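So you can see what is in the structure, the chains are spelled out below.
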Amino acid sequence: MPRLSRLPGAILLLTLALAGIATPAHAAPSAPPSAPPASRSTAQAALAGGAVKIMPLGDSITYGVGSPTSSSYRAALYTTLVRQVGHAIDFVGSQVSGSLPDPDNEGHSGWRIDQIAASLDGWLATYQPSIVTLHIGTNDMNQNYQVGTAPARLGALIDQITADLPQATVIVASLIPANDAAIQSRIDTFNAAVPGLVSTRASAGKKVRFVDMRTLTAADLADTLHPSDAGYAKMAAIFAPAVASVLDDGRDAPMFTSGFEQGAGVDAVPTWSDSIANAVNVGGYCCALTAMEAGPRQETAHGGVRALMYSGNDTSATQSYAYARIFDVHLPVSAATELSYWIYPQQAMGTYAAVDLFFTDGSALRDSGAVDQFGVRVHPQFQGQGGHLAVNQWNHVRSQIGAVAAGKTIDQIRIGYDQPAATGQFRGYFDDIVLGERHSAYAGEDLAFRRPVTGSAPCATAEAVANLVDGTTAGNSKWCSGAAPVTAQVDLGRTATVQRIVVRHAVTGGEDAAYDTRAYAISTSVDGVTWSTAVTVTANADGVTWHQIAARSARYVRLDVSAGEQGGAAVTRIYALEIYGS
């Protein structure tokens, strides 16, 4: 059954920061800057009757001032919720800005809390949002407008929203910082009152939640008041888990993914290559190299064609380590957060390696006591000593880091080597790094990965059915078929216990959501002759569909598509069919 039918009422995402005009020294445009006109995608027209409505509501920050594309935090939020987690959403509003598939918003440059309140009832009545984003209060601080009563105005605005939409969930954010000491002082005072405003209303039974933007810094701004694209990405990273938790239908919610593929769309691109954060007694692997390497290579990969290669030379038998920066991120950790990655060590010394996380408070995952699925500490030294990493093959490492790091914020993703008791060369690869919220029991590995698969004729040679199980959605790696009956069958190679089936539709590869598969069935068989239906879907609108099924024995899994597009056309575009079990 589609997730949208189980949505628990309307959802309203309330963001709190309006940046805009005030004193001449810190003026922002009174109207949105000129930009090429954007338009509502055909996907949103196709999904209008089924997607969850989100209204990005606020000021020039919501509109996207500070970003060269005016995409605000909306672009990264869309990517996370739609292309990674797989929810069907529809941004709504009277304004249009940004380079993203759905540019609708309600961002009004220079507006204060009272100005938003004056027009809010009409907007809510017109668009009937299921999720809204309102970032409000920055202009009150910037203009020094009745600052002492600004928290009360915010409280009244929250009450106005919950009165208009009683079933809405309001996610209230504190204000982002300003690059001006006087404005920042006012923001600090305002922000101190926000959590209390939210908790009071939540205690009264209103659907109100708080998210904290105070981990952003002045370095994340493009000017005095507005974020840079990097700052907007950090805002999105804070909103995404909160929104996903409200939309929760039991699916896991990946908030960060990277398979190091080029043109992957959802794959994060490394911020650094061969950038050493700290090292002792580790030199270059060979060939006049002087330090540990850590950068993408098209050599060996778990999924797709690229992975992150690491290499070096340990020169001390008493103390040796090296840690390299890979990604600059801003990811809040909750109790449900899990780290997952694959590692391919090329020799025994290469097993002394692990993904490490550096938090905004200066601490690191390696020193947190976090353990993997075998109970081995997620620390390079202990991973090597643990005996679970096999040489010259891919090994999966999973850790419930929320158990030790809930409440922290990840600032950087790093990879590390640490082997205090031996010397010599080390080399290997990391791939498919995922950080996300695990809301369901672990269902096992993907049994379909690179298994034999047959299916109906492809739209083009490069869009063959084998792309369903190649482990990547990058580079147009999809199965496209319009040859009725549209069907695909995977041979797992043995009779296995299957517990979950995941289908990644067109939007996960960067295509229009109008091409997401609308109707299909999934069946299983032990012998390839007698089949049992496991899943039937008749009105899907999501980009990723998760099917948790009662454990069943199966060697073969078959996908039969009856409506390949949202409009009902037969042509099918699916980027991955994942079958989890043991």
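As a reminder, the structure under discussion sits directly above these lines.
Residues numbered from 1 in each chain as written. Predicted model: local features only at pLDDT ≥ 70, side-chain atom pairs only at ≥ 80, totals over all residues. Heavy atoms only, no water.

K.L.:
What is the right way to read the pattern of salt bridges from this model?
P.N.:
Pairs can form between side chains of opposite charge once their charged atoms are near each other. Counted under the stated rule, the structure contains 21 salt bridges. For D114, the salt bridge identified is with R112, shortest N-O distance 3.0 Å. What makes R112 buried here is its relative accessible area of 14%. Here R153 ties to D140 by a salt bridge, and the two come within 2.9 Å at their closest N and O atoms. Remark: D140 occurs in helix α5 (residues 138-142) and R153 occurs in helix α6 (residues 150-164); sequence separation between them is 13 residues. Given a relative accessible area of 0%, D140 falls into the buried group. Via salt bridges that share partners, D252, E338, R398, R438 and R500 belong to a single interconnected network. (Salt bridge = Lys/Arg side-chain N within 4 Å of Asp/Glu carboxyl O. Buried < 20%, exposed > 50% of the residue type's maximum accessible area, 1.4 Å probe, protein only. Helix = DSSP H or I, 4+ residues; strand = E, 2+ residues; numbered from the N terminus.)

K.L.:
What exactly am I supposed to notice about helix α4 (residues 113-127) here?
P.N.:
One turn of the α-helix equals 3.6 residues, which is why residues spaced by three or four share an orientation. For α4, built from 15 residues, the straight-helix expectation of 21 Å at 1.5 Å per residue is met to within 8% by its first-to-last C-alpha distance of 20 Å. For α4, the principal kink sits at S119 and spans about 45°. Of the positions making up α4, those classed as buried are I113, I116, L120, W123 and L124. Contacts from the buried residues of α4 go to β2 (52-58), β5 (104-107), β6 (131-135), α5, α6 and α7 (181-203). (Expected span 1.5 Å × (residues − 1). Bend = angle between axes of the 7 residues up to and from the residue. Contact = heavy atoms within 4.5 Å.)

K.L.:
I would appreciate a short explanation of the packing of aromatic side chains in the present structure.
P.N.:
Between two aromatic rings, the relevant description is the distance of the centres plus the angle of the planes. Counting across every chain of the model gives twelve aromatic pairs. With centroids separated by 5.8 Å and ring planes inclined at 25°, the aromatic side chains of W111 and W123 adopt a geometry described as stacked. Placement of the pair is W111 in the loop between β5 and α4 and W123 in helix α4, with a sequence separation of twelve residues. Residue W123 is classed as buried on the basis of its relative accessible area of 12%. A cation over a ring is seen here: R366 above Y323, with NZ or CZ 4.0 Å from the ring centre. Sitting over the ring of W531, R558 keeps its end group 4.4 Å from the ring centre. (Phe/Tyr/Trp six-rings, centres within 6.5 Å; stacked < 30°, edge-to-face > 60°. Lys NZ or Arg CZ within 6 Å of the ring centre and 35° of its normal.)

K.L.:
Looking at this structure, how should I read the side chain of H330?
P.N.:
Relative to the assigned elements, H330 resides in strand β14 (residues 321-332). In this structure the side chain of H330 is engaged in a polar contact, spanning 2.6 Å, whose partner is the side chain of T215. Contact partners of H330, with chain neighbours within four places excluded, come to T215, L216, K234, A237, I238, T409 and I410. (Polar contact = N/O pair within 3.5 Å; in protein donor to acceptor, adjacent residues only side chain to side chain.)

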